[in-house]
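So you can see what is in the structure, the chains are spelled out below.
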Amino acid sequence: MGLFSNTLTLLGKELRTEFRSRELLTTTVVFILVVLILFSFAINPTSEESRDFGPGLLWLAILFAGSLMLQPCFLREQANDTLSSLRLAVSDPFAIFLAKLMANTLFLLVTEILMLPLFAAFYNIPILPQLHYLLLVLFLGSLGVSVAGTALSAISAQARMRELLLPLLLLPILTPVLVVSATVSVSLLDREPVVQWKGMAFLAVFDLVFLTALWIFGEYLLEE
Amino acid sequence: MGKRILLGAVAILLLLAAGYGAFYVAPEERTMGLIYRIFYFHVASAWAGMDAFFVCFLCNLLYVWKRAPKYDWLAVSSAEVGLVLTTVVLITGPIWAHPVWGIWWTWDARLTSTFVLWLLYVSYLLLRTLVEEPDRRALLSSLFGIFAFLDVPLVFGAIRWWRTQHPSPVIMGGPGSGLEPTMKKVLFFFVLAMHVFAAFLIVERYILEKMKNEVDLLQREAEAL
């Protein structure tokens, strides 16, 4: 079996596992909601300030949520040592990463799409006119979070204090994603919206760099 | 042993000479006055710190490839020395910025990326403390070190989207930049001295790490008996 069909099979497995329990999606949705409400309590923004700060807060919430959501990604393979079976089953370990990061991107996107209407309502920001561009930023940013996060969750799963360790490893690495996606989102949701293609391209470059690194070094991450 | 003492002595003498140069040989700067002299210490530490992180990155790659523990020892030694030097940069910077810019800190590209770089290597060293088994620790931290180093240009590129307040490059900068010749000589001498000093610290730390591993090995053998 090739990389492609392996990945698809494994992706099916990831999605089945999640949609049987739905625990990851429900907890992440609630988590983002709580964070967004707390942010609003903490800074009490006027409607002008919401436009400036809102998108950044949304991205911060996504990053925090991502760093929590990516925890079980490799951890749950440890319970019954299913990771060894996975490694035996596929010819290229990159398929395992690819399937996991695709599943994680999908979960993050689903949560974000569920959150967007609430975000728009709470922070009083109209999102509909620029929705397609906003979805593109959300996709590129979430892909970055998932690619880097999947790699690092394979590292943190093998260490002590792993729940605390993953955010510590992941969040500094994700600084570029936060900076650029927040900037791009702010200018998209501005009164005079601007699409920053340079920012979109930068996010794509980030995704590609980490995808390539994962492709080259992924197999070492899963070494027994 | 003799060589180590010699290296240490040379490093300290060079640093003392560089300090003398920065305070007494280099001419006074026209607008900033005395405070500008911290620039020699600041730039030299930054330069040596970056190079130490680069050594760490090379050792990370070599470890993943060759799996010899010595690369891991060298990687952790240079990461620690790099972190200390970067801390010096982050402390001397605000000391200079406060009288010159009027503020301690600004979220400018180079300041912020240095700070993120510092954070990344703090995470690297933290990760090392949380994995018991030496081979696993070496492999996992090497892989994280590689990811972190790949991230550095991205961090810098991303933060440049904001306006930058740090003085534009003086060395190897565009036309209109540049240093007075004596200042340049003093700066390069300081950079050299700091590199020798960093090399000395890395060698000492490497020997310590090697001994620590030997002690660990002996302890495990003793427990097995």
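Residues numbered from 1 in each chain as written. Chains lettered and ligands numbered in written order. Predicted model: local features only at pLDDT ≥ 70, side-chain atom pairs only at ≥ 80, totals over all residues.

If you tally the helices and strands in chain B, you get six helices and zero strands. With the C-alpha coordinates aligned to their principal axes, the bounding extent of chain B is approximately 70 × 45 × 25 Å. Once local pairs closer than 6 in sequence are excluded, the contacts in chain B between residues at least 24 apart make up 78%. (Helix = DSSP H or I, 4+ residues; strand = E, 2+ residues; numbered from the N terminus. Contact = placed C-beta atoms within 7 Å.)

On to the overall build of chain A, then. A count of helices and strands for chain A gives 10 helices and zero strands. For 224 residues, the compact-globule formula gives about 17 Å, and the C-alpha radius of gyration of chain A, at 18 Å, lands near that figure. Its C-alpha atoms give chain A principal-axis dimensions of about 55 × 30 × 30 Å. A total of 224 residues make up chain A; the buried ones form 42% of that total. Here the analysis covers contacts within chain A between residues at least 6 apart in sequence; of these, 82% occur between residues at least 24 apart. (Rg over C-alpha atoms; globule rule 2.2 N^0.38 Å. Buried ≥ 20, exposed ≤ 12 C-beta atoms within 10 Å, placed from the backbone.)

Before going further, it helps to examine helix 3 (residues 47-69) of chain A. All names here are of chain A. Taking 1.5 Å of rise per residue, 23 residues should cover 33 Å, and helix 3 covers 31 Å from first to last C-alpha, within 8% of that figure. All of the buried residues along helix 3 are Gly54, Pro55, Leu57, Leu58, Trp59, Ala61, Ile62, Leu63, Ala65, Gly66, Ser67 and Met69. Buried residues in helix 3 make contact with helix 2 (23-43), helix 6 (94-122), helix 7 (131-156), helix 8 (162-173) and helix 9 (175-188). (Expected span 1.5 Å × (residues − 1).)

What follows is about the interface of chain B and chain A. Each partner contributes residues to the interface: chain B has 25 residues there, and chain A has 24 residues. Contributing elements (two or more residues each) for the side of chain B that touches chain A: helix 4 (109-129) and helix 5 (134-159) of chain B. When residues in the side of chain B that touches chain A are grouped by element, the largest group, 15 residues, is from helix 5 of chain B. Across the side of chain B that touches chain A, the residue classes tally to 21 nonpolar, two polar and two charged. (Nonpolar A, V, L, I, M, F, W, Y, C, P; charged D, E, K, R; others polar.)

Although it is not a glycine, Arg22 of chain A sits at a positive phi angle of roughly 55°. Position of Arg22 of chain A relative to the elements: it lies in the loop between helix 1 (3-21) and helix 2. You will see that Arg67 of chain B, though not glycine, has its phi angle at about 60°, which is positive.

Residue-level pLDDT values for chain B average 88, and 92% of them are 70 or greater. Predicted complex, confidence summary: ipTM 0.90, pTM 0.89. (pLDDT = per-residue confidence, 0-100.)

A word on the confidence of the model for chain A. Close reading of the predicted structure is inappropriate where its pLDDT is low. Confidence along chain A averages 89 in pLDDT terms, with 100% of residues attaining 70 or more. The spread of mean pLDDT over the elements of chain A runs between helix 5 (residues 82-89) of chain A, the lowest at 83, and helix 7 of chain A, the highest at 94.

Residue and element names in this part refer to chain A. Residue placement: Gly54 occurs in helix 3. For the pair Gly54 and Ala182, spaced 128 residues apart in the sequence, the C-alpha separation amounts to 9.1 Å. If sequence neighbours within four positions are ignored, Gly54 has contacts with Tyr123 and Ile125.

The next point concerns the environment of Gly145 of chain B. Residue and element names in this part refer to chain B. On the secondary structure map, Gly145 appears in helix 5. Considered as a pair, Gly145 and Tyr124 are 21 residues apart in the sequence and their alpha carbons are 6.5 Å apart. In this structure Gly145 touches Cys56, Phe57, Asn60, Ala75 and Tyr124, once residues within four positions along its chain are discounted.

This paragraph deals with the packing of helix 9 of chain A against helix 10 (residues 197-221) of chain A. All names here are of chain A. At their nearest, the axes of helix 9 and helix 10 sit 9 Å apart, and the two run at 155° to each other. With respect to helix 10, the element helix 9 is oriented roughly antiparallel. The two elements helix 9 and helix 10 meet at a crossing, and its hand is left-handed. Listed contacts from helix 10 to Pro176, Val177, Val180, Ser181, Thr183 and Val184 of helix 9 are Gly199, Met200, Phe202, Leu203 and Phe206. Grouping the amino acids of the contact of helix 9 with helix 10 by side-chain chemistry returns eight nonpolar, three polar and no charged. (Axes fitted to C-alpha atoms, helices over the stretch in contact; angles between N-to-C directions. Parallel < 35°, antiparallel > 145°, perpendicular 65-115°, else oblique. Left-handed = near helix turned anticlockwise from the far one by under 90°.)

All names here are of chain B. Relative to the helices and strands, Pro181 is located in helix 6 (residues 181-224). Here Pro181 falls in the exposed class, since 9 other C-beta atoms lie within 10 Å of it. For the pair Pro181 and Pro27, spaced 154 residues apart in sequence, the C-alpha to C-alpha distance is 10.0 Å.

For helix 5 of chain B, built from 26 residues, the straight-helix expectation of 38 Å at 1.5 Å per residue is met to within 8% by its first-to-last C-alpha distance of 36 Å. Its maximal kink placed at Val152 of chain B, helix 5 of chain B deviates by approximately 30°, while the proline Pro153 of chain B follows within four residues. (Bend = angle between axes of the 7 residues up to and from the residue.)

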